[in-house]
Amino acid sequence: MIPITSAEVYAWFFVHLGVLLVAAAWMTVAALMFPNITRRCAEAIGGKPWRSFFLGFTLLFLGVILFAAMNAIPFAGAKFIAVVIGLTVILFGLFGAGGFVRCLASRTTSGQGSPTVRSLYGISLLVALTWLLPLIGWFLALPLTLILGLGSLILSRSRKSKLEAVGE
């Protein structure tokens, strides 16, 4: 048996903690910096979540296939492209998840207007913390967040918001 030092345990703990904090910050910043896009993402998730799910699942599946195909090529440039594809899928999923966070935050504000930074970051942290749950978080919550984010991001680009259609 290989002994594990407490320094290794702390290193892995802080790496995981840092990834969760950065993911929560990415979702919050997406919701704050791009309110129109994330509002349309929230409407897409709130209105027709299955459409967002199936479109996001298709995009995630294609991203994984492209990643695996490029990673199988024994050339450093192809492996770099594989990493870029993988990171792009994850970042777009987290960007669209800003709409998911906005959708959840708007349900907690109960008609007080737009959600505050504190509520957006709090909900982002709650979403990211669900990813820590063994098995359910790893294989259900995390992929579902990325899938809904990807799907809603694409749907937000292809349709006008209800508020924009009225002219506000």
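Here's what I pulled together on the structure shown here. (Residues numbered from 1 in each chain as written. Predicted model: local features only at pLDDT ≥ 70, side-chain atom pairs only at ≥ 80, totals over all residues. Heavy atoms only, no water.)

**Remarks on the side chain of serine 124**
Going by this rule: Runs of H or I in DSSP of at least four residues are treated as helices and runs of E of at least two as strands, each being numbered from the N terminus. A 3.5 Å cut-off defines polar contacts: any pair of N or O atoms within that distance qualifies, except that in protein one atom must be a possible hydrogen donor and the other a possible acceptor, and neighbouring residues in sequence count only when both atoms are side-chain atoms. Note on contacts: a residue pair qualifies if any of its non-hydrogen atoms lie within 4.5 Å across the two residues.
Within the secondary structure, serine 124 is located in helix 5 (residues 117-130). A polar contact of 2.9 Å, which involves the side chain of serine 124, links it to the side chain of threonine 28. Here the side chain of serine 124 touches leucine 120 through a polar contact of 2.9 Å, landing on its backbone oxygen. With residues up to four places along the chain from it excluded, the contact list for serine 124 reads Ala24, Met27, Thr28 and Val101.

**A look at the layout of surface pockets**
How we decide: Here the term cavity refers to a set of points on a 1 Å grid, laid over the protein atoms alone, in which a 1.4 Å probe fits but cannot get out; the term pocket refers to an open set having protein on both sides within 12 Å along at least five of seven lines, with lining residues being those that place an atom within 4 Å of a point. Grid points are joined across faces, edges and corners, and a volume is the space filled by probe spheres set on the points. Gly is placed with the polar residues, together with every amino acid not listed as nonpolar (Ala, Val, Leu, Ile, Met, Phe, Trp, Tyr, Cys and Pro) or charged (Asp, Glu, Lys and Arg).
Volume-wise, the largest pocket comes out at about 370 Å³. Along its surface, the largest pocket is lined by 15 residues, and Val19, Leu20, Ala23, Trp131 and Leu142 are the ones closest to its centre. Going through the elements one at a time, helix 1 (6-33), helix 4 (76-109) and helix 6 (136-158) are the ones with two or more residues in the lining of the largest pocket. For the lining of the largest pocket, the element with the most residues is helix 1, which contributes 6 residues. A class-by-class count of the residues in the lining of the largest pocket yields 14 nonpolar, 1 polar and no charged. Here the second largest pocket defines a volume of roughly 210 Å³. Lining the second largest pocket, in full, are Arg39, Ala42, Glu43, Gly46, Arg102, Cys103, Ser106, Gly113, Ser114 and Pro115.

**Things to note about helix 5**
Basically, it comes down to this: Given the number of residues in a helix, its expected span is that number minus one, multiplied by 1.5 Å. Three labels apply to residues, based on accessible area from a 1.4 Å probe with only protein chains included: buried if under 20% of the type maximum, exposed if over 50%, partly exposed otherwise in between. This arc corresponds to the set of directions leading from the helix axis out to the C-beta atoms.
An ideal rise of 1.5 Å per residue puts 20 Å on 14 residues; helix 5 measures up with 20 Å between its terminal C-alpha atoms. Here helix 5 has its buried residues at Ser119, Leu120, Ile123, Ser124, Val127 and Ala128. Along the axis of helix 5, the buried positions cluster into a sector of 170 degrees, meaning they face one direction only. Of the exposed residues in helix 5, the ones pointing more than 90 degrees away from its buried face are Arg118 and Leu126.

**Comments concerning the side chain of threonine 38**
Position of threonine 38 relative to the elements: it lies in helix 2 (residues 35-47). For threonine 38, a relative accessible area of 0% translates into the label buried. Engagement of the side chain of threonine 38 in a polar contact is seen with the backbone oxygen of phenylalanine 34, the distance being 2.9 Å. Ignoring anything within four residues of it in the chain, the contact list for threonine 38 reads Ala30, Ala31, Phe95, Gly98, Gly99 and Arg102.

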